[in-house]
Amino acid sequence: MKYIDEFRDPTLASSLLADIHARAARPVRFMEFCGGHTHAIFRHGLRQVLPPTVQLHSGPGCPVCVTADADLDRAIAMSKLPGVILTTFGDMLKVPGSHGSLQTAKAEGADVRVVYSTLDALQIAREHPERKIIFLGIGFETTAPTVAASILQAEAEGLHNLTVFSLHKLTPPATRAILDAGESRLAGIIGPGHVTTIIGSQAWEFLSQDYHVPCAIAGFEPLDILQAVAALVDMAEGGQPAVVNTYSRSVRPEGNRAALDILCRVFETSDAEWRGLGRVPASGLALRHEYAHFDAVLAFPVDPGPTRQHTGCRCGDVVRGAVEPPECLLFGRACTPARPIGPCMVSAEGACAAWYQYGDIGHE
Amino acid sequence: MCLAVPTLIKSIEGDMALAELGGVERTISLTLTPEARVGDYVLIHTGFAISVVDADEAQETLRLLTELAASYPDETNGNLQSTISNQRS
Amino acid sequence: MNNDRILLAHGSGGQLSHELVERLFLKHFGNSTLARLDDAAVIQAPGTRLAFTTDSYVVSPIFFPGGDIGKLAVCGTVNDLSMSGATPLYLSVGFILEEGLPLAELEPVVASLAATAQSAGVQIVTGDTKVVDRGKADKLFINTAGIGVVPTDVELGCDRVRPGDAILLSGAVGDHGMTIMSQREGLRFASPLMSDCAPLNGLVAAMLKGEVQGARTIHCMRDPTRGGLATTLNEIAGKAGVGIEIDEYAIPVREAVRAACELLGLDPLYVANEGKLVAFVAPKAAEALLAAMRVHEYGQEAAIIGRVTAEHASRVVLRTALGARRIVDMLVGEQLPRIC
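Scope of this entry: the structure provided in the associated data block.

About the thresholds
- Residues numbered from 1 in each chain as written.
- Chains lettered and ligands numbered in written order.
- Predicted model: local features only at pLDDT ≥ 70, side-chain atom pairs only at ≥ 80, totals over all residues.
- Helix = DSSP H or I, 4+ residues; strand = E, 2+ residues; numbered from the N terminus.
- Rg over C-alpha atoms; globule rule 2.2 N^0.38 Å.
- Buried ≥ 20, exposed ≤ 12 C-beta atoms within 10 Å, placed from the backbone.
- Contact = placed C-beta atoms within 7 Å.
- Nonpolar A, V, L, I, M, F, W, Y, C, P; charged D, E, K, R; others polar.
- Pairing = 2+ DSSP bridges.
- Axes fitted to C-alpha atoms, helices over the stretch in contact; angles between N-to-C directions.
- Left-handed = near helix turned anticlockwise from the far one by under 90°.

1. Some points on the overall build of chain A
Counting its secondary structure elements, chain A contains 15 helices and eleven strands. Compactness check: chain A gives a C-alpha radius of gyration of 21 Å against a globular reference of 21 Å for 364 residues, within 12% of the reference. Along the three orthogonal principal directions, the C-alpha set of chain A runs to about 65 × 45 × 40 Å. Within chain A, the proportion of its 364 residues that are buried is 60%. Sequence-distant contacts, at least 24 apart, represent 78% of the contacts inside chain A between residues at least 6 apart.

2. Structural notes on the interface of chain B and chain A
Counting from both sides, the interface comprises 39 residues of chain B and, opposite them, 48 residues of chain A. Of all the secondary structure elements, the ones that give two or more residues to the side of chain B that touches chain A are strand 4 (41-45), strand 5 (48-52), helix 1 (55-70) and helix 2 (77-88) of chain B. Per-class residue counts for the side of chain B that touches chain A are 21 nonpolar, 14 polar and four charged.

3. Examining the sheet that holds strand 7 (residues 140-150) of chain C
In any sheet, the strands associate via hydrogen bonds between backbone groups, in a parallel or an antiparallel arrangement. Residue and element names in this part refer to chain C. Spatial ordering of the open sheet is given by 1-2-7-5-6, a layout of five strands whose pairing is mixed. The two strands at the open ends of the sheet, each matched to only one other strand, are strand 1 (41-45) and strand 6 (123-132). With direction set aside, neighbouring strand axes in the sheet form an average angle of 20°. Sheet analysis places strand 1 next to strand 2 (residues 48-57), joined by five bridges and oriented antiparallel. Following the sheet pairing, Gln44 is matched in strand 2 by Arg49.

4. A short note on the pairing of strand 2 (residues 16-21) of chain B
Residues and elements named next belong to chain B. Residue alternation in strand 2 divides its side chains into a buried set, Ala17, Ala19 and Leu21, and an unburied set, Met16, Leu18 and Glu20. The sheet contact formed by strand 1 (residues 5-13) and strand 2 spans five bridges and is antiparallel. The residue bridging Glu13 from the neighbouring strand is Met16, located in strand 2. Here strand 2 runs beside strand 3 (residues 24-29); their pairing, made up of six bridges, is antiparallel.

5. Considering the interface of chain C and chain A
Of the residues lining the interface, 22 residues belong to chain C; the matching set on chain A comes to 27 residues. Of all the secondary-structure elements, those providing two or more residues to the side of chain C that touches chain A are helix 1 (15-29), helix 8 (255-264) and strand 15 (325-328) of chain C. Of the residues belonging to the side of chain C that touches chain A, the class tally is ten nonpolar, five polar and seven charged.

6. Comments concerning the packing of helix 6 (residues 201-210) of chain C against helix 9 (residues 286-294) of chain C
All names here are of chain C. One way to put it is that helix 6 packs onto helix 9 with a least axis distance of 9 Å and a crossing angle of 145°. Note that helix 6 runs across helix 9; the crossing there is right-handed. Listed contacts from helix 9 to Leu203, Ala206, Met207 and Gly210 of helix 6 are Ala288, Leu289, Ala292 and Met293.

This is how it looks when you write it as structure tokens:
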């Protein structure tokens, strides 16, 4: 598979690792922002083969994990409304809300459908003019433009039975919030490669300018991640923070202008509630006034009631990188993928799920 | 949600395209990458192309990595394991 | 979270399925034979040992490249019997049909069932038919039960798995699940992907014949269906109380399956198969058994994929292509609903 297999080459990986081993003298903590990176790191066993001086910590880059309880409860309440088909990406299905999940709502009779793309939601809307289709908009800057494009498509077709519950969030403000909280001394950040194809590597300049923290934008194959780690080790040792783009085959400094145009036509920034970070200003995406008729929150006002949080759940701390999953007392005991208490154990990009599924052999 | 996969554009019709990876074909939207052409590789995410792969940059990256590998000629997996255990002792 | 309803995940063959069996069914049905939870129950009848198994088939769509629900019904049951070393002999077939199902769809299923039974050398000797209201059965569901005879010198079971055993896999994994998934997700294949659905009794017979007489070097066999190879290996590791180590690069996967998995974010290790087996064999017999498999129609891509160890008991560990090691857990939820 082109552009995949070459970037998994074990020989090239070995020499990158040897390079990192040779140069990572002092202990350093890096954060991989993106949950996809956390999983790739575990899947390829990278934590095991990196030197013990290099510590990798997961960040809040799991859109499912950072969705606030109140928002999830609202989505579940919407799914139970008569005539509604709630379409969602698969991951959200099993996340426990205050009273069950979308999956339990489905088992109780709600019409909840997993889709791979907003294009599928559009198709369902076309096929069911008598039903109200709500798309649960979870995802960062990689996903939001696809949702924006679908809204424009729906508008062009005159599809009036589709709405979007936008819970889309922006990654740079979250990164600022984590650094402002100052809980962990980060020597570098592995930047989210696919988000950055949209927003551009220039969007991360603030890390070196305002925080003097090095950043390496990384793709998701082993060689990409190792290259980024090598670049961060270099900058941490040399003391010169910068934004390095190691994913240059897909990331440009200015990002994807066409996608950003479409995004900005449909959405505007708003404050957003993040699990673990609280209210972060200008970190969410809300539908612009001209597209208010696509807003599910306006079309379906629901009151899901007070949120109920499981005491002991430390997903908020996990997404901030303040603790590692095994430090949560519920991890692997009361909270497992089969019976998750928090989203970090459910999501394909959740840190707890990665730790649980792949274990941590090697640094024993 | 970060899942995006590089695929080859086999054909284009309007703003939809047939994209292929390892012999598997899928219909995707090019709305976000209007500059994409047949023969380009694009990253696809939830049914949309989000970025056109820059073949020259990919080559360059691999070239740099191959050069690095040349400066560690003994690095096979076996030797790497011993590098790691030496590091720990 | 209170699981007081049946979820799709309870049918996936993964962790929730196991819990349902253990906490509900075993609780009520418990007996020592059932509690072994083998693919087929080996029971003593006067003068002989029988293997007895049952399976239900709810796959959607009912026709797919490489097979249909009828072929699946025969192969699944024949294979469960074969995994216990039995020679499959007789099958029962029960149909639950949805009102309104066209005979033009039912007859090809029945014809396929019959043809598959014939090629596997088993007879359908009894059956039942029920019809339910429109909307209550999604075209048709099939239940089969099967009986076979276990030869006296054959002794296969998890309890015979030992540290040092070689693990053999009969061919590429993920074909069946990805074929079904591709039908549902609108993926197309330049060279069409097909379900690997096949009766394995011939392959098993060839392997048993290939053993040195009385040596009993084949310790255990299983067919990795729902939940995939990873789930089956976890089941065996757990039951036998041993560790398993497998090599990522040794596991055969077709390029199209690999690509489809990349596109859909799935792992071939968890994707269902319907014509594959894993065998745990004494290390000295591994190469000869591999050779015996490779000359058989359904074992041509057979490979040694790993070994049993005394370390990390009950866990399955994978050596990645980069030489690192990581755990392979059992499938938790449902990857692909209704693929078997």
